[in-house]
Every structure is written in C-alpha cells, then in structure tokens.
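Working through the structure, step by step
As a plain string of letters, each chain reads:
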Amino acid sequence: MTTAKTIRLEAPGAFGLGVRIEALAGFEGAPVVVLLHGVHGTSNLEEENKYGKLARLLAGEGINAVLVETGRLRRDPRTFGTDRDAWALSAFEGKSYAMDLYDVLSGLETVRRRWHPDRFPLWLWGFSLGGIHAVMTAGGGADEALAEEGLKNPLEGAVPLDGIVLSGSGLRGRKELASGDFFSLPVLDSLPSSEALAAAAAAVTVRRAQAFYGSLDGTFSEQACRDLWEPIRAERKGFHVIERADHAFRNVDGVPSDAPLKEMVERLLPI
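Rules used throughout
- Residues numbered from 1 in each chain as written.
- Predicted model: local features only at pLDDT ≥ 70, side-chain atom pairs only at ≥ 80, totals over all residues.
- Heavy atoms only, no water.
- Salt bridge = Lys/Arg side-chain N within 4 Å of Asp/Glu carboxyl O.
- Helix = DSSP H or I, 4+ residues; strand = E, 2+ residues; numbered from the N terminus.
- Buried < 20%, exposed > 50% of the residue type's maximum accessible area, 1.4 Å probe, protein only.
- Pairing = 2+ DSSP bridges.
- Right-handed = clockwise from strand over helix to strand, strands pointing away.
- Axes fitted to C-alpha atoms, helices over the stretch in contact; angles between N-to-C directions.
- Parallel < 35°, antiparallel > 145°, perpendicular 65-115°, else oblique.
- Left-handed = near helix turned anticlockwise from the far one by under 90°.
- Contact = heavy atoms within 4.5 Å.
- Nonpolar A, V, L, I, M, F, W, Y, C, P; charged D, E, K, R; others polar.
- Core = buried A, V, L, I, M, F, W, Y, C linked by side-chain atoms within 4.5 Å.

**Remarks on the pattern of salt bridges**
Enumeration according to the criterion identifies 18 salt bridges in this entry. Where Asp227 meets Arg172, a salt bridge forms, and the shortest distance between an N and an O atom there is 3.2 Å. Of the two residues, Asp227 is situated in helix H8 (residues 222-229) and Arg172 in the loop between strand S6 (163-167) and helix H6 (175-178); the sequence distance between them amounts to 55 residues. Its relative accessible area of 22% is what places Asp227 among the partly exposed residues. Judged by its relative accessible area of 39%, Arg172 is partly exposed. Within the structure, one salt-bridge network assembled from shared partners comprises Glu109, Arg112, Arg113 and Glu156.

**A word on the pairing of strand S4 (residues 64-69)**
Across the 6 residues that make up S4, a large majority, 6, are buried. Residues of S4 alternate between two faces, with Asn64, Val66 and Val68 on one and Ala65, Leu67 and Glu69 on the opposite face, all of them buried. Pairing of strand S2 (residues 19-25) with S4 involves 5 bridges; the strand directions are antiparallel. Note on S4: the bridge partner recorded for Ala23 is Val66. You can see the chain leave strand S3 (residues 32-36), run along helix H1 (residues 50-59) and come back into S4, and the turn it takes is right-handed.

**Notes on the packing of helix H3 (residues 97-114) against helix H4 (residues 129-138)**
Close contact between H3 and H4 brings their axes to 10 Å; oriented N to C, the two are set at 70°. Looking at the two axes, H3 sits roughly perpendicular to H4. Handedness of the H3/H4 crossing: right-handed. Between H3 and H4, the residues in contact are Tyr97, Asp100, Leu101, Val104, Leu105 and Leu108 and Leu129, Ile132, His133, Met136 and Thr137, respectively. Of the residues contributing to the contact of H3 with H4, the split by class is 8 nonpolar, 2 polar and 1 charged.

**Observations concerning the environment of Val111**
Secondary-structure assignment places Val111 in helix H3. Judged by its relative accessible area of 0%, Val111 is buried. Spatially, the C-alpha atoms of Val111 and Gly141 are 20 Å apart, while their sequence positions differ by 30 residues. Setting aside residues up to four positions removed in sequence, Val111 forms contacts with Val32, Val34, Val66 and Leu122.

**Brief notes about the nonpolar core**
Side chains of a nonpolar character, in soluble globular proteins, are inclined to be buried together. Within the largest apolar cluster, 56 residues are counted, with the highest numbers of intra-cluster contacts made by Val34, Trp115, Val135 and Ile232. Of all hydrophobic cores here, the second largest spans 27 residues; its members include Val33, Tyr51, Leu54 and Val165.

**Focus: the packing of H4 against helix H7 (residues 194-202)**
Running from N to C, H4 and H7 cross one another at 60°; their axes reach a closest spacing of 7 Å. In terms of axis orientation, H4 runs oblique to H7. When you trace H4 past H7, the crossing you get is left-handed. Facing H4, whose interface residues are Ile132, Val135 and Met136, H7 presents Ala196, Leu197, Ala200 and Ala201. A class-by-class count of the residues in the contact of H4 with H7 yields 7 nonpolar, no polar and no charged.

Right, here's the structure in full:
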C-alpha cells in the first residue's frame with residue numbers, strides 16, 4: 001500500500017505571514033480534499049490539530065488531504081490560552097473577509113498547479129467560515145468580493161470541482177451573536193451579505209455535495225446551514241446531523257472527542 005508523503009508549500013497572501021500549505025499526499029489519481037479552516041483557525045499536521053487529525057483519517061483511506069492555513073500576523077495561538085478574542089485581535093487585526101478569501105484562493109491556485117484536477121478529482125471541505133469561502137469560490141462570488149477591496153482573484157481560470165463539503169457553515173449567524181461583539185472581530189466584521197452568499201450557493205454545480213451540522217452548534221442554526229446547502233446543485237447530495245456535537249465538531253456533550261471527525265469521514269467515504 002502506498003504511504004502518504006508529507007508535503008509543505010507556501011503561497012502568496014494578502015495579509016501577514018502569507019499562506020501555509022501542508023499535505024498528506026502521494027496517492028496517484030485519488031481525490032485531493034482541500035480542508036479550509038474556520039475563522040481565526042489554525043490548520044497544520046500537528047498531532048492535536050483538528051485538521052491534522054482529519055488529514056490522517058483521509059490519508060489512511062488513500063485520499064490526498066491538503067491543509068490551507070490563511071495568513072496572519074503571528075502563529076502562536078497557544079500564547080493566548082483559551083482567550084480566543086485576544087488571539088483574534090493580535091493575529092488578525094486589520095484583516096478583512098476579502099483578504100482571507102484571497103488567501104484561500106491563492107492556496108487553491110498552488111494546489112491546482114501541484115495536483116491538476118484532470119488527474120486528481122478536487123474537493124473543497126470547509127468548516128464554518130471555510131465553508132463560506134468554499135461556496136463563494138465554487139459559486140463565482142469571489143471576484144466581486146475581492147474587487148470591493150481592490151484585490152484580483154489569484155486563481156488562473158476556473159477550477160473544476162468534483163465535490164464540496166460544508167461543516168457547520170450557514171447563511172447567517174444566530175441573532176444572539178449579532179447583539180454582542182462576535183461580528184466586530186477581524187474578518188467577521190466584513191462578511192459577505194446573506195444575499196451575496198445565497199446567490200453564490202445557487203450557482204454551485206458539483207457532482208457531490210455533503211453538509212454536516214452539529215446539533216449543539218451555537219454559531220449557526222440548523223435551518224441557516226440548510227439554507228446555504230439547499231441551493232447547491234449536485235448529482236448526489238446529503239445533509240447529516242451529528243448528534244450532541246458542537247459547532248467546531250471537537251466536542252460531544254461538551255467533552256473533547258474525535259468521534260464527530262470520524263463520523264464525517266465515514267459518511268464521506270462512500271461518495
């Protein structure tokens with residue numbers, strides 16, 4: 001059996017230290033699944049990193065897994081412990097949604113050059129904000145979002161997608177979050193409108209589309225996630241609720257667990 005190779009790449013970004021790409025790959029002709037993290041997230045192959053765990057699960061099934069980490073001013077979230085707001089302000093102050101989207105597209109262009117979609121079926125799997133990026137990318141909404149800030153799409157031509165996966169990504173956040181400081185944090189303070197996101201979702205056409213929702217998600221309601229998923233056109237679609245999982249799919253009933261990650265991968269393997 002072929003063993004996955006660890007590959008590390010970089011891509012130019014619109015903000016901070018640039019885009020970092022890590023992959024477990026080496027499976028010729030197998031799908032390439034690009035994992036897109038949530039807002040202010042970290043994505044690497046470290047043992048305890050959620051996306052690193054997913055990459056190892058996918059690679060164990062012979063699937064090429066690629067992690068794209070967007071640009072930030074610093075890469076030391078452990079310095080801030082559990083204070084995620086302090087981390088967001090320190091690492092992302094001044095970064096807009098458009099800049100974050102640019103970073104994703106730049107990373108995707110590097111992935112496309114390394115693993116050409118003609119030989120490797122390409123999937124985007126986005127978590128929370130990463131799912132919104134995936135929809136904007138696949139639905140052609142990226143150019144307008146970037147142009148509003150004078151940015152040009154770094155993707156050189158259309159990238160054909162075989163599939164798209166959304167995990168905890170919705171059309172609009174819960175109302176109670178809007179009344180607090182959540183949407184005043186960097187990147188979140190300049191999200192695309194629900195109308196623009198809905199239009200992008202309606203323009204997505206792929207062979208396979210899957211959405212996952214944690215029943216204890218405190219960021220998006222199940223209906224908001226269905227509203228983003230339903231307009232997507234695909235030959236085969238699925239929406240699966242993972243009971244007692246949180247928004248990040250890191251906990252079950254508030255207790256750390258890898259069960260949601262394993263359940264998602266198991267659901268995806270047949271398609």
